[in-house]
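These are the residues of each chain, in order.
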Amino acid sequence: MTRPDGRATILACLATAGAVAALLVGCTSTTGPADATKDPASRPTATGTATTTPDPAAPSTPIPTSTPEARPVSIPTDCTDIVDAATYAATMRDAPLNDPAYFGGPMGSVTPTAPPADADLRDVVAAGDRLRCGWADVRADITGLFANVGTVDAETAAAYPAWLAERREPTSVFWLDGVVYDCSEAYGGTLCQYVTTHPMYGVDMADTVLVRDDVVVTVTQRNVPTDDLMGSIVTRLWG
């Protein structure tokens, strides 16, 4: 009996493993995590109907971290123009936009204001908003999708990601107060994200923040699935 050559056996095993890996990659979904899971699970909503777990704004697939060529930003003045038409139709659908019955403050194209004297960095960023968009039905319990785009000074842009990633004692009942974000380099800037589950309704909620140059993009979603919404917004803003 001829003894198998050890090197040939190793090469054959590697070839087999490579083929299996190729099959797995070919079957992998290209959708993002729930804004973190790639395969959202169906679960009951607050109203009792089935829905998919939100797929948050940032994708789960690796994002190139190389610094792209600097491009001027173009912030739209209309919320319907924040992404391309196909993404808007698939993501926002027929949800009410900037319903005055839901939102108490100015929405759409807004003028930056001076932050209050006791403002934290989140408030400072919010004061720099130039576009505020919200898709939410006043009849829903917590379901909604929100996207803000604004500009800040260089000092705030440099400090904001570290501030989001820092644990602090919460001073209010606001669900994002004091939580710790995961931050990494993506989309030509720093991307920070916090994902959690609503304690009462069991639906996913996510807050995703991109700081790129002097621009801050914030996408907040509660029980709303998305497919790399942040990537679509980046394409619209920077081309």
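Data block above holds the structure.
Any two side chains of opposite charge can pair, so long as their charged atoms come close to each other. Scanning the model with the defined rule gives three salt bridges in all. For Arg-132, the salt bridge is made with Asp-129, and the minimal N-O distance between the two is 3.0 Å. With relative accessibility at 5%, the residue Asp-129 sits in the buried group.

Here the focus is the state of the cysteines. Going through the model one piece at a time under the given rule, you end up with two disulfides. With its sulfur 2.2 Å from that of its partner, Cys-79 forms a disulfide with Cys-133. Between Cys-79 and Cys-133 the sulfur-sulfur dihedral comes to about -90°; the bridge is accordingly left-handed. Of this pair, Cys-79 sits in the loop between β2 (50-52) and α2 (85-91) while Cys-133 is found in strand β4 (residues 129-135), placing the two residues 54 residues apart along the sequence. The exposure class of Cys-79 is buried, given its relative accessible area of 2%. Each sulfur in the disulfide pair Cys-183 and Cys-192 lies 2.1 Å from the other. A torsion of 115° about the S-S bond marks the disulfide between Cys-183 and Cys-192 as right-handed. By relative accessible area, which is 32% here, Cys-183 ends up partly exposed. The class of Cys-192 is buried, set by a relative accessible area of 0%.

Among the seven residues of β4, five are classified as buried, and the element is accordingly described as predominantly covered. By the bridge criterion, six bridges tie β4 to strand β5 (residues 144-151) in an arrangement that is antiparallel. When the sheet's bridge partners are listed, Asp-129 is paired in β5 with Gly-150.

In this section: the environment of Gly-202. If you trace the backbone, Gly-202 turns up in the loop between β7 (189-197) and β8 (204-212). For Gly-202, a relative accessible area of 25% translates into the label partly exposed. Note: C-alpha distance between Gly-202 and Asn-223 (21 residues apart in sequence) is 9.2 Å.

Let's shift gears to the packing of aromatic side chains. Scanning all chains against the criterion turns up seven aromatic pairs. Where Phe-103 meets Phe-146, the ring centres are 6.0 Å apart and the plane angle is 80°; that geometry is what we call edge-to-face. Pair noted here: Phe-103 is in the loop between α2 and β3 (108-109) and Phe-146 is in strand β5, with a separation of 43 residues, a long-range link. An identical accessibility class is assigned to Phe-103 and Phe-146; each is buried. Cluster of aromatic residues (ring-pair linked, three or more members): Tyr-102, Phe-103 and Phe-146.

When helix α4 (residues 154-164) is considered as a whole, its buried residues turn out to be Thr-156, Ala-157, Tyr-160, Pro-161, Trp-163 and Leu-164. The buried side chains of α4 occupy one side of the element, clustering within an arc of 160° when seen end-on. Along α4, exposed side chains directed more than 90 degrees from the buried face belong to Ala-154, Glu-155, Ala-158 and Ala-162. Buried residues along α4 sit against α3 (121-127), β6 (182-186), β7, β8 and β9 (215-222). Residue Asp-153 occupies the N-cap position of α4, its side-chain oxygen lying 3.1 Å from the main-chain nitrogen of Glu-155.

This brings us to the sheet that holds β4. Pairing is antiparallel in the open sheet, where seven strands are placed in the order β3-β4-β5-β9-β8-β7-β6. With one partner strand each, in any of the chains shown, β3 and β6 form the two edges of the open sheet. Along the sheet, α4 makes contact with β6, β7, β8 and β9, crossing β8 at roughly 155°.

Residue placement: Pro-72 occurs in the loop between β2 and α2. Sequence separation of Pro-72 and Gly-239 is 167 residues, and the distance between their C-alpha atoms is 9.0 Å.

Here we come to the nonpolar core. In this structure, Ile-82, Trp-135, Val-217 and Ile-233 are the most contacted members of the largest nonpolar core, which totals 25 residues. Looking at this core, the elements with two or more residues in it are β4, β5, β9 and α5 (229-238). Apart from the residues within four sequence positions on either side, Ile-82 is in contact with Pro-76, Met-92, Leu-131, Cys-133, Trp-135, Ala-147, Val-149, Ser-232, Ile-233 and Arg-236. Membership of the second largest hydrophobic core comes to 15 residues, among which are Leu-121, Leu-164, Tyr-181 and Val-209.

What counts and how
Residue indices begin from 1 for each chain and proceed along its sequence in written order. Where local features are concerned, this predicted model is filtered to residues with pLDDT of at least 70; where side-chain atom pairs are given and counted, the filter is 80 or more; whole-chain, interface and lining totals use all residues. Excluded from the side-chain calculations are hydrogens and water; all other atoms, namely the structure's heavy atoms, are used. Salt bridge, as used here, is a side-chain nitrogen of Lys or Arg placed within 4 Å of a carboxyl oxygen of Asp or Glu. Remark: exposure states derive from per-residue accessible area (1.4 Å probe, protein chains only) relative to the maximum for the residue type, with buried under 20%, exposed over 50%, and partly exposed in between. Whenever a pair of cysteine sulfur atoms sits within 2.5 Å, that pair is classed as a disulfide. Helix numbering and strand numbering both begin at the N terminus, where a helix is a DSSP run of H or I of at least 4 residues and a strand a DSSP run of E of at least 2. Two strands form a pair only when DSSP identifies at least two bridges running between them. Stacked, edge-to-face and tilted are the three classes for Phe, Tyr and Trp ring pairs, Trp counted by its six-membered ring, which pair at centre distances within 6.5 Å; planes under 30 degrees apart are stacked, over 60 edge-to-face, the rest tilted. Read the arc as the range of directions from the helix axis to the C-beta atoms. Contact definition: two residues touch when any of their heavy atoms are within 4.5 Å. Here a polar contact is recorded for every N or O atom pair within 3.5 Å, except that within protein the pair must consist of a potential hydrogen donor and a potential acceptor, and residues adjacent in sequence are included only if both atoms are side-chain atoms. Simply put, an axis is a line fit to the C-alpha atoms, just over the touching stretch for a helix, and the angle between two N-to-C directions goes from 0 to 180 degrees. Residues enter a nonpolar core if they are buried and are Ala, Val, Leu, Ile, Met, Phe, Trp, Tyr or Cys, with the set joined through side-chain atoms within 4.5 Å.

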